[in-house]
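Coordinate inspection notes
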Amino acid sequence: MPSPAPPEQFDAVILGAGAAGLMCALTAGQAGARVLLLDHADKPGKKILISGGGRCNFTNLESGPAAFLSANPHFCKSALARYTQWDFIEMVSRHGIAWHEKTLGQLFCDGSAREIVDMLLAECQAGGVDLRLSHRVTDIARAERFRIETDRGAFEAPNLVLATGGPSIPKMGASGFAYDAARRFGLRVIDPEPALVPLTLGAAALDLAKPLSGVAFDCTAACAGARFREAALFTHRGLSGPAILQVSSYWRPGDAVSLDMAPGVDAAAALVEAKRARPKIEPQTMLAGLLPARLAKAVAADALPARRVGDIADKTLSALGERLNRWIVEPVGTEGFAKAEVTRGGVGTDGLSSKTMAAKDVPGLYVIGEALDVTGWLGGYNFQWAWSSGWAAGRAIGARDA
Ligand code: FDA
């Protein structure tokens, strides 16, 4: 029997050709390192391709540490400051990719998310990165170098980067692979939970929500000290929309979510005033001054007597107004990893350098991107974390091996 081919040698093996892995690979490669970028999928950057409705919300003008959740809120500061949104915008612009700000600092491609993947691949090529897809990793070991066994051969390198993301959207090949690998090298893993995910409601609340499925409304959603003014959306299982996705990252079982359905308006005063001004109108017409028509109709049927508003007591209108400004919902759960845009928790940052993403006790091991316990708000922040953390690790690897 012929003996198996000896492992191919590299300066760094990066596992995961997603946003963080591609950025790390191009940075290390352009700094002179021989980089192998491995993925089990048949295409690189699959989540980039479907992101932002196909237009990739690739960063946020307001990106900064305050927009990230982590057991150590300071950890993200260094990388975000060293590779900023402006650095990524410079790369996008250098590649001639047209972009626009949609809302709240969120930057999207004018054309397609494919342009971002093509840009990253072109930069990887410029750095001589060896990209190999459809490789299943079967074992990782470490002696003098890391040895990565796959179903298509073995590879060795002094540097190993875990960039395989988190378990959100398993049907796209997302996995908890990074957690298992990190644990094997003694790193702590904080329980991963779905984040930026729709919330589900119990039977009683669903009686109101379900018939309103598809109705969006402007609100301020608050939960566990966090507060977001954006749109919310009723679904057939509960609530979604940007405001709900944002607070879902803070929500824990048992927490209530407070919705101000008339943000910036004293709804109690507004309803009493509307009664004085137009006493002959129906309750749903009055409520439509504050809420979308379908929601106004449902709230009127649920909370007010079926008579002209002039015949409804001020105190009834005031009580409803107060409820509209502070509508309390008690979600029973989330729609889980199948619907989560990102993962909260992950590889604990305490075992890593915040400057380089390198494990403190395992020389040459790096963890970047969503695999780490750093979770951004909705709006391009998670890609910025992938770019910043990938760049930080890539720089460290390049400096060592250049
Ligand atoms: P990512 O998941 O991108 O990449 C991990 C890579 O590792 C994948 O290529 C995967 O195939 C590979 N992999 C996994 N397991 C492996 C294994 N065992 N062996 C080898 N390879 C393996 N964020 C944002 O900022 N703006 C946006 O517009 C959006 N939109 C969006 C839409 C949807 C539908 C989702 C699900 C998510 C978003 N996000 C987003 C979040 C964003 O996609 C996410 O934060 C980044 O992709 C994380 O980048 P990573 O490189 O860490 O992981």
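Use the structure listed above.
This section reports on the structure supplied with the text. As the structure is a computational prediction, the values presented were derived from the model and not from experiment.

Calculation rules
Residues numbered from 1 in each chain as written. Predicted model: local features only at pLDDT ≥ 70, side-chain atom pairs only at ≥ 80, totals over all residues. Heavy atoms only, no water. Helix = DSSP H or I, 4+ residues; strand = E, 2+ residues; numbered from the N terminus. Buried < 20%, exposed > 50% of the residue type's maximum accessible area, 1.4 Å probe, protein only. Contact = heavy atoms within 4.5 Å. Areas by Shrake-Rupley, 256 points an atom, 1.4 Å probe, with all protein chains shown as cover. Lys, Arg positive; Asp, Glu negative; His and termini not counted. Charge placed at Lys NZ, Arg CZ, Asp CG, Glu CD. Arc of directions from axis to C-beta. Pairing = 2+ DSSP bridges. Axes fitted to C-alpha atoms, helices over the stretch in contact; angles between N-to-C directions. Parallel < 35°, antiparallel > 145°, perpendicular 65-115°, else oblique. Left-handed = near helix turned anticlockwise from the far one by under 90°. Polar contact = N/O pair within 3.5 Å; in protein donor to acceptor, adjacent residues only side chain to side chain. Core = buried A, V, L, I, M, F, W, Y, C linked by side-chain atoms within 4.5 Å. Near = heavy atom within 4 Å. Nonpolar A, V, L, I, M, F, W, Y, C, P; charged D, E, K, R; others polar.

**Things to note about the overall build of the protein**
Within the protein, the secondary structure is distributed over 13 helices and 23 strands. Dimensions of the protein along its principal axes, counting C-alpha atoms only, are 90 × 40 × 35 Å. When the 402 residues of the protein are sorted by exposure, 54% land in the buried category. Pairs at least 24 apart in sequence give 72% of the contacts found in the protein among residues at least 6 apart. Of the roughly 17200 Å² of accessible surface on the protein, 52% is carried by carbon and sulfur atoms. Placing the 42 positive and 41 negative side-chain charges of the protein at their respective mean positions leaves the two points 4 Å apart.

**Details of helix α6 (residues 177-184)**
Residues Ala 178, Tyr 179, Ala 181 and Ala 182 constitute the buried set of α6. Down the axis, α6 shows its buried residues gathered within 165 degrees of arc, on one side only. In this structure, the buried residues of α6 make contact with β9 (137-142), β12 (159-162), β13 (189-195) and β21 (342-347). Positioned one or two residues after α6, Gly 186 has a phi angle of 85 degrees, which is positive.

**Considerations on the sheet that holds strand β22 (residues 365-367)**
Taken in spatial order, the five strands of this open sheet run β8-β3-β2-β12-β22, and their pairing is parallel. Looking at which strands have only one partner, the edges of the open sheet turn out to be β8 (130-132) and β22. Here the average twist between neighbouring strands, direction ignored, is 15 degrees. Looking at chain direction, strand β3 (residues 35-38) and β8 are connected through three bridges and run parallel.

**Focus on the packing of helix α11 (residues 293-303) against helix α12 (residues 314-325)**
Packing of α11 against α12 leaves a shortest axis separation of 12 Å and a crossing angle of 130 degrees. Relative to α12, α11 is oriented oblique. In this structure, the crossing between α11 and α12 has a hand that is right-handed. Listed contacts from α12 to Val 299, Asp 302 and Ala 303 of α11 are Leu 320, Arg 323 and Leu 324.

**Some points on the environment of Gln 85**
Of note, Gln 85 is situated in helix α4 (residues 85-94). Excluding anything up to four places from it in sequence, Gln 85 contacts Thr 59, Asn 60, Leu 61, Glu 62, Ser 63 and Gln 384. Polar contacts involving the side chain of Gln 85 include one to the main-chain carbonyl oxygen of Leu 61, which spans 2.9 Å.

**So, the nonpolar core**
In terms of nonpolar packing, the biggest core is built from 84 residues, with Ile 48, Phe 88, Ile 116, Leu 160, Trp 385 and Trp 387 touching the most fellow members. Top element by residues in this core is helix α13 (residues 381-401). It accounts for ten residues. Ile 48 has contacts with Ala 19, Leu 22, Cys 56, Ala 113, Ile 116, Val 117, Leu 120, Phe 383 and Trp 387, leaving out every residue within four places of it along the chain. Ranked by size, the runner-up nonpolar core spans 44 residues in total, among them Leu 199, Val 257, Leu 271 and Ile 281.

**Topic: the site of the ligand**
Near the ligand lie 29 residues; those nearest to it are Ala 20, Asp 39, Ser 175, Glu 370 and Phe 383. Note that a nitrogen atom of the ligand is positioned 3.3 Å from one of the backbone N or O atoms of His 40. Backbone polar atom of Gly 52 to an oxygen atom of the ligand: 3.2 Å apart, as the coordinates give it. Looking at the shell around the ligand, the elements that each hand over two or more residues are α1 (19-30), α2 (46-50) and α13. Sort the elements by how many residues they give to the shell around the ligand and α13 lands first, with four residues. Along the lines of polarity and charge, the residues of the shell around the ligand split into twelve nonpolar, 13 polar and four charged.

**Side note on the pairing of β21**
Judged by how many residues are buried, β21 sits mostly within the fold: six of six residues are covered. As judged from the five bridges shared by β13 and β21, these two strands associate in the antiparallel manner. Its bridge partner being in β21, Glu 193 is matched across the sheet by Arg 344.

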